[in-house]
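Structural characterization, general
Single-letter residue listing:
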Amino acid sequence: MESAIKKIEELVKEETNITIKVKILSISQKEANTQKGKSVYHYGLLGDPTGVIPFTAWSMPTTVRDKDVYQISKCYTKKFNEKIRIYFDQGTEFKLLPEELEVKRTYRYYSIRDLNTNDKYVTVEGILSNEKEREYEKEGQKKAIYQYIMRDQTGTIPLSSFGTKLPVGKGVRIEGAKLDLFNGYYRLNTYEKTAIEDVNLKITEDPEYSYIKDVKTPVGGIKVSGFIISLGEKSGLLTRCRECNTKLDDLRCADHPEAGVKYDVFIYFTVDDGTGYMQVNAGFDAISEITGITSEYLSDEKMPPLKKEIRSRIDRGLMHGAISINGNARMTEQGISFKAMKIERLDQKNYRQIVSIQEEEFA
Amino acid sequence: MNDKKREPARWIIARELRECTETVMEGEGESQKENFITPLGTRGRRILFCGKITSKTEENEMTKLAVSDSTGAFYVSFFPKDFNQAVKEQIDLVNQDDTVIVMGKTSFYKTDEGRMYVNINPESIRIIDEDSSQYWMSRSAFLLKRRILGIKELKKNPDSTESSLVSLGFTEDEASAMVQSSSLYSSYDIARMEEILMEISASKVSESTSELKDKIFEIIKARNGLGGVTYDEIAREMKIDMQSTQEMDQALTLLLEEGEIFESSRRKYKTV
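Residues numbered from 1 in each chain as written. Chains lettered and ligands numbered in written order. Predicted model: local features only at pLDDT ≥ 70, side-chain atom pairs only at ≥ 80, totals over all residues. Heavy atoms only, no water.

Check the secondary structure of chain B and you find nine helices and twelve strands. Taken against the 2.2 N^0.38 rule, which gives 19 Å for 272 residues, the C-alpha radius of gyration of chain B at 23 Å runs more than 25% over that of a compact globule. Its C-alpha atoms put chain B at 75 × 55 × 40 Å along the principal axes. For chain B, the residues scored as buried account for 47% of the 272 residues in total. Expressed as a percentage of contacts within chain B between residues at least 6 apart in sequence, the contacts between residues at least 24 apart total 62%. Positive and negative charge centroids in chain B, built from 38 and 48 side chains respectively, lie 2 Å apart. (Helix = DSSP H or I, 4+ residues; strand = E, 2+ residues; numbered from the N terminus. Rg over C-alpha atoms; globule rule 2.2 N^0.38 Å. Buried < 20%, exposed > 50% of the residue type's maximum accessible area, 1.4 Å probe, protein only. Contact = heavy atoms within 4.5 Å. Lys, Arg positive; Asp, Glu negative; His and termini not counted. Charge placed at Lys NZ, Arg CZ, Asp CG, Glu CD.)

This is the structure we're talking about:
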């Protein structure tokens, strides 16, 4: 027996034998290996005037297309990745309706630190900066793309807007930005259906501290604290070719043997904040202040820097106290890798911020 | 974040470690290892702690340290070998009264009466400042408070599982250790550790006092050229009622103790 038509906003728990009247918004196809061999299933988004929900179709008529409106019966809902999803199988019936259907798009709000590509369209709030404009060609026409860095209290993320210039330096709320992973980092794109509005936001320049256990997202501007519990053996002084900047294992660059060498520092370490640990790497700019290693010291030709002295300064600066690290997380094949942009000794101001975040949890 | 599995270093206060009477085997086959598990759900072999060295003795080649974190003492023993010369150099540099951070592996000795003694074999030891030690204590107390809440939840709802704890916001690692601990220490009285936690919190300077301290410092600094600023002037500028100056007094005492300010004459202050 066909059940009464349900609205998408009513689909909040796991149930069976559901009937819905929806517009298919997108359909994608995927291959899966099952015990019976390879099989193909479909997934995508569908919506009605009350919202949007993802679907998985283990079986679906080949005539079902996106942008069409259907009455779908005998389908069911289940939780997947903590979100309700609608499922179609062999028993599900599709009836094409010759009508238009208004779809209310709803997008979940995320802090930048908590973004996750399980949700491809999201709502974010932040302040835009670093505007860059460039042109690209589409179907023979020149079009503009505007690139920004979006910042909230938890992190930063690159954002591209196709054709629309966005306000810089003040709070914006972006509903329906598309999230994807590019070159190991998350980025956001706005498109014609993205809603952008001005909002009042209180965001300080200084990001709030994250617990290491929560650093799972490849975004920038992440701040963590902790103690260095192991310093990589090869951390310290290194030489580079003056011409091409390549790191040298030998005294000369194979491509530019006459160019000479210059000195640099690079460290990698494990930092632990009690909630977890992570591997971090850092270059000269990140550690110069805390170690007291200056560019003058590295470039003194009369008295070149000594490996032992560099190592000793790194040890004194980094291993004898709690530190604060500001940096960028990147997705690699081995998981998240963290590059420090600035490492400081934890001072009373940092400490108070940390205590305040800890206390909030029990408020 | 922990793809290449490393044995985590547990941040644990001395008193919690002292309460420990149980160990559990983790892993399989040859990689099976004995871990301590406390009544508050800390499980592991490696620990990280801060404290003041209250004694350092050397017998034959062995160095013994007692490190106190204000809730109790950690006992560290070190035998120099070929592979741990870097640690030996670090141990040689620390002395009684130094505040240090230590990471080390634990080993256990159980008496017939069920008491367990934990010894720590250091993997690194370094002198640190008071701010860093305060940070370690604050974070360790925060983690302990989380676990106390988790253990209380397990006592209140004995049907709770690891996944129900995870749904309350605990990590899988925390949840798994708490569930295991709860069954091993079913009669443990958690109130003892809650008292310790309250003592730790009471010893911390409150957030508002710290903020007040910064504001007062700025007022004194701004008037340095004018021969300093009096107690009453600070109170007026801060709009503090003269009948309730307790927090301001605490902030001034802290600034004096930290050497940020001095009394240029009675109840008149200047920055150093």
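Picking up after the structure, the text goes on.
As enumerated under the stated definition, the model contains 20 aromatic pairs over all chains in all. Taking 6.4 Å as the distance between ring centres and 65° as the angle between the ring planes, the aromatic pair formed by Phe-36 of chain B and Phe-108 of chain B counts as edge-to-face. Taken together, the residues Phe-36 of chain B in strand 3 (residues 33-37) and Phe-108 of chain B in strand 8 (residues 99-110) connect sequence positions 72 residues apart. Judged by relative accessible area, which is 22%, Phe-108 of chain B ranks as partly exposed. Sitting above the plane of the Phe-182 of chain A ring, Arg-187 of chain A keeps its charged end 4.3 Å from the centroid. Over the ring of Tyr-231 of chain B we find Arg-267 of chain B; its NZ or CZ atom is 3.7 Å from the centre of that ring. (Phe/Tyr/Trp six-rings, centres within 6.5 Å; stacked < 30°, edge-to-face > 60°. Lys NZ or Arg CZ within 6 Å of the ring centre and 35° of its normal.)

Moving on, we get to the packing of helix 4 (residues 348-361) of chain A against helix 3 (residues 130-156) of chain B. Orientation of helix 4 of chain A relative to helix 3 of chain B, taken along the N-to-C sense of each, is 5°, at an axis distance of 11 Å. One element, helix 4 of chain A, and the other, helix 3 of chain B, form an angle in the roughly parallel class. Contacts from Gln-348, Tyr-351, Ile-354, Val-355, Gln-358 and Glu-361 of chain A in helix 4 of chain A reach Asp-131, Gln-134, Tyr-135, Ser-138, Arg-139, Phe-142 and Arg-146 of chain B in helix 3 of chain B. In the contact of helix 4 of chain A with helix 3 of chain B, the residues fall into five nonpolar, four polar and four charged. (Axes fitted to C-alpha atoms, helices over the stretch in contact; angles between N-to-C directions. Parallel < 35°, antiparallel > 145°, perpendicular 65-115°, else oblique. Nonpolar A, V, L, I, M, F, W, Y, C, P; charged D, E, K, R; others polar.)

Okay, the domain arrangement of chain B next. All names here are of chain B. Taken as a whole, chain B is organised into domain 1 (9-128), domain 2 (136-203) and domain 3 (207-271). For domain 1 versus domain 2, the separation of C-alpha centres amounts to 22 Å. Across the contact, 25 residues belong to domain 1 and 23 residues belong to domain 2. Of the roughly 2,100 Å² buried where domain 1 meets domain 2, counting both sides, 63% is carbon and sulfur surface. If you look at where domain 1 meets domain 2, you find three salt bridges. Across the salt bridge formed by Arg-147 and Glu-16, the nearest N and O atoms sit 2.5 Å from each other. Our count for the domain 1 to domain 2 interface comes out at 15 residue pairs in polar contact (both at pLDDT 80 or more). Mapped by element, the contributors of at least two residues to the side of domain 1 that touches domain 2 are strand 1 (9-11), helix 1 (14-18), strand 2 (22-26) and strand 5 (46-59). (Domains from an automatic or database assignment. Buried area = accessible area lost by both parts, 1.4 Å probe. Salt bridge = Lys/Arg side-chain N within 4 Å of Asp/Glu carboxyl O. Polar contact = N/O pair within 3.5 Å; in protein donor to acceptor, adjacent residues only side chain to side chain.)

Let's shift gears to the interface of chain A and chain B. Of the residues lining the interface, 35 residues belong to chain A; the matching set on chain B comes to 35 residues. When chain A packs against chain B, close to 3,300 Å² is buried across both sides, 55% of that on carbon and sulfur atoms. Of all residues in chain A, the largest losses of buried area upon contact with chain B belong to Phe-227, Tyr-277 and Arg-352 of chain A, amounting jointly to 23% of the total for that side. Summed over the shared surface of chain A and chain B, the number is five salt bridges. One salt bridge in this structure joins Arg-146 of chain B and Glu-361 of chain A, with 2.4 Å as the shortest N-O distance. Counting across the interface, chain A meets chain B through 14 residue pairs in polar contact (both at pLDDT 80 or more).

The next subject is the nonpolar core. Side chains that are nonpolar tend, in soluble globular proteins, to be buried together. If you look at the biggest cluster of nonpolar residues, it comprises 62 residues, and the most contacted ones within it are Phe-227 of chain A together with Leu-48, Phe-49 and Trp-136 of chain B. For this core, the leading source of residues is helix 3 of chain B, giving ten residues. Once residues lying within four places of it in the same chain are set aside, the contact partners of Phe-227 of chain A are Thr-270, Val-271, Asp-272, Gly-321 and Ala-322 of chain A together with Trp-11, Leu-48, Cys-50, Ile-101, Ser-132, Tyr-135 and Trp-136 of chain B. By size, the runner-up hydrophobic cluster in this structure holds 50 residues, among which are Leu-179, Tyr-186, Val-271 and Ile-287 of chain A. (Core = buried A, V, L, I, M, F, W, Y, C linked by side-chain atoms within 4.5 Å.)

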